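# Survey of secondary and tertiary structure
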Amino acid sequence: MTQERKRVSDSPSTGSVPPESEGRATTEAPPGFAEEEATTRQSAETLVLAVPSPGAHRTSAQLTIIAGPNAGRSHSLNRGETVLGRGREAHVFVDDAGASRAHARIVVTEDGRYVIEDLKSRNGTFVGGRRVERAELKSGDRIAIGSGVTLSFAILDAQAERMAHQLYESSVRDALTRAYNRRYLVERLGSEIAYARRHAAPLSLIMFDLDHFKRVNDTFGHVAGDDVLRDVAALVSRMIRTEDVFARYGGEEFVVLARGIEHGNAGRFAERLRAAVQRLEVCTGSQVVTVTISVGYASLDELGEGQRTPEGLVRLADARLYGAKSAGRNRAHGE
């Protein structure tokens, strides 16, 4: 075996998880997900557009959230009409209860000017502190929508646009695994719970931890430990849906936040994750390392009305993760 790292194909399984669905990139939803309602919000992946090529010489308009949930996220205005709001039809999702489903739109005129128009929103659209029905935007203008979301409008060249994209990614991603970081998860969890409560929608949290991870570091070294974390994260990233949030919670502990998923389906997905990791072989140096995970999962509708908070959902999933470890590890626990 060469020193270069490569992923070894998952070995066939005699269990209940189809082996052909693991260990490779796929856009198919996990079993049990097909009956769930399609997402009504766009994820970070769908909103972050392609980074322009280094040689591009052009300017474009960009919106950057500077106050409110997802502060720092940028959206390129590369279409003739861009709708802002918290509904399915919005191109830029505004995570605020005071925003209308289709709150405002930005259109590009034939002569290249950018104009914002209020779409008869309940609470109005503000530019520079002034409520407007229709106004031309200038670079540097600030747009307020809802009760707590402010966006900055700017005309940028390709290099500045690329830098804004990179800065946002580095602020919300874990450097080693490329999963979202804990700060982003906490922020997103709060907005997802608010959305689920508003729309009576299912929401589940899956928390898993690598079993005996210290032994990997002690036996194979910390470089091997990093390789394991990186490959496990890559595997899970390929298995989740676009609207799910996958984050590194700390050390060897990870979280998947799954919206629109009933408790039973969350359990099936948790078991699928566990089985896939068990089959994964990680090549690191001249060694092949295998690991297992213990999984705890919980759903928002299991909690009482006063407990439906980010802390309450995390606490329940964490308790079940501890239960899976106490029961012998390498298992999923959701009761």
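Refer to the structure printed above.
Heads up: these notes are all about the structure in this document. (Residues numbered from 1 in each chain as written. Predicted model: local features only at pLDDT ≥ 70, side-chain atom pairs only at ≥ 80, totals over all residues. Heavy atoms only, no water.)

Before going further, it helps to spend a moment on helix H5 (residues 222-239). Between its terminal C-alpha atoms H5 stretches 26 Å, which fits the 26 Å expected from 18 residues at 1.5 Å a residue. Among all positions of H5, only Ala224, Gly225, Asp227, Val228, Leu229, Asp231, Val232, Ala233, Leu235, Val236, Arg238 and Met239 are buried. (Helix = DSSP H or I, 4+ residues; strand = E, 2+ residues; numbered from the N terminus. Expected span 1.5 Å × (residues − 1). Buried < 20%, exposed > 50% of the residue type's maximum accessible area, 1.4 Å probe, protein only.)

Strands sit in the order S14-S15-S13-S18-S19 across an open sheet of five strands; the sheet is mixed. Edge positions in the sheet fall to strand S14 (245-250) and strand S19 (332-333), since each of these pairs with one other strand and no more. Running at roughly 165° to strand S18 (residues 293-299), helix H6 (residues 263-279) makes contact with strand S13 (203-210), strand S15 (253-259), S18 and S19 of the sheet. Running at roughly 145° to S18, helix H7 (residues 310-326) makes contact with S13, S14, S15, S18 and S19 of the sheet. (Pairing = 2+ DSSP bridges. Contact = heavy atoms within 4.5 Å. Axes fitted to C-alpha atoms, helices over the stretch in contact; angles between N-to-C directions.)

All right, on to the side chain of Ser152 then. With respect to the secondary-structure elements, Ser152 resides in strand S12 (residues 149-157). Residue classification places Ser152 among the buried positions, given a relative accessible area of 19%. Leave out the neighbours within four places in its chain, and Ser152 touches Gln62, Leu63, Thr64, Ile66 and Asp141.

All right, on to the sheet that holds strand S5 (residues 92-93) then. One open sheet holds the five strands; their spatial order is S5-S4-S6-S7-S10, and the pairing between them is mixed. Only two strands of the sheet have a single partner each, and these edge strands are S5 and strand S10 (134-136). By the bridge criterion, two bridges tie strand S4 (residues 81-85) to S5 in an arrangement that is parallel. Bridge pairing in S5 links Leu84 to Val92.

Let's shift gears to the packing of aromatic side chains. By the definition in use, this model includes five aromatic pairs. Ring centres of Phe246 and Phe254 lie 5.6 Å apart, and the angle between their planes is 20°; on these two criteria the pair is classed as stacked. Here Phe254 falls in the buried class, since its relative accessible area comes to 1%. Taken together through their ring pairs, the aromatic side chains of Phe208, Phe246 and Phe254 make up a single cluster. (Phe/Tyr/Trp six-rings, centres within 6.5 Å; stacked < 30°, edge-to-face > 60°.)

For the structure shown, the criterion picks out 19 salt bridges. Residue Arg105 pairs with Glu81 through a salt bridge whose shortest N-O separation is 2.6 Å. Here Glu81 lies in strand S4 and Arg105 lies in strand S6 (residues 104-108), a separation of 24 residues in the sequence. Since its relative accessible area comes to 25%, Arg105 is described here as partly exposed. According to the relative accessible area criterion, Glu81 is partly exposed, its value standing at 34%. Note that Arg230 is salt-bridged to Asp227, the shortest N-O span being 2.9 Å. Taken together, the residues span about one helical turn, with Arg230 and Asp227 both in helix H5 at a distance of three residues. In this structure Arg230 comes out as partly exposed when scored by relative accessible area, which is 31%. Assessed through its relative accessible area of 5%, Asp227 is described here as buried. What you see here is one network of salt bridges that share partners, running through Glu81, Arg105, Glu117 and Arg134. (Salt bridge = Lys/Arg side-chain N within 4 Å of Asp/Glu carboxyl O.)

It is worth spelling out the packing of helix H4 (residues 213-220) against H5 at this point. What describes two packed helices is the angle between their axes and the distance between those same axes. Across the interface, H4 lies against H5 with an axial gap of 6 Å and an inter-helix angle of 135°. In terms of orientation, H4 lies oblique with respect to H5. Taken together, the residues of H5 that come into contact with H4 (itself represented by Phe213, Val216, Asn217 and Phe220) are His222, Ala224, Gly225, Val228 and Leu229. By residue class, the composition of the contact of H4 with H5 is six nonpolar, three polar and no charged. (Parallel < 35°, antiparallel > 145°, perpendicular 65-115°, else oblique. Nonpolar A, V, L, I, M, F, W, Y, C, P; charged D, E, K, R; others polar.)

One turn of an α-helix holds 3.6 residues; hence residues three or four places apart share an orientation. With 17 residues, H7 extends 24 Å from end C-alpha to end C-alpha; this agrees with the ideal 24 Å at 1.5 Å per step. For H7, the set of buried residues is Gly312, Leu313, Val314, Ala317, Arg320, Leu321, Ala324 and Lys325. Where H7 ends, the next residue or the one after it, Gly328, has phi of about 125°, a positive value.

For Arg241, the position within the fold is in the loop between H5 and S14. Polar side-chain contacts of Arg241 include one of 2.7 Å to the side chain of Asp244. For Arg241, the side chain forms a polar contact with the main-chain oxygen of Arg259, separated by 2.6 Å. (Polar contact = N/O pair within 3.5 Å; in protein donor to acceptor, adjacent residues only side chain to side chain.)

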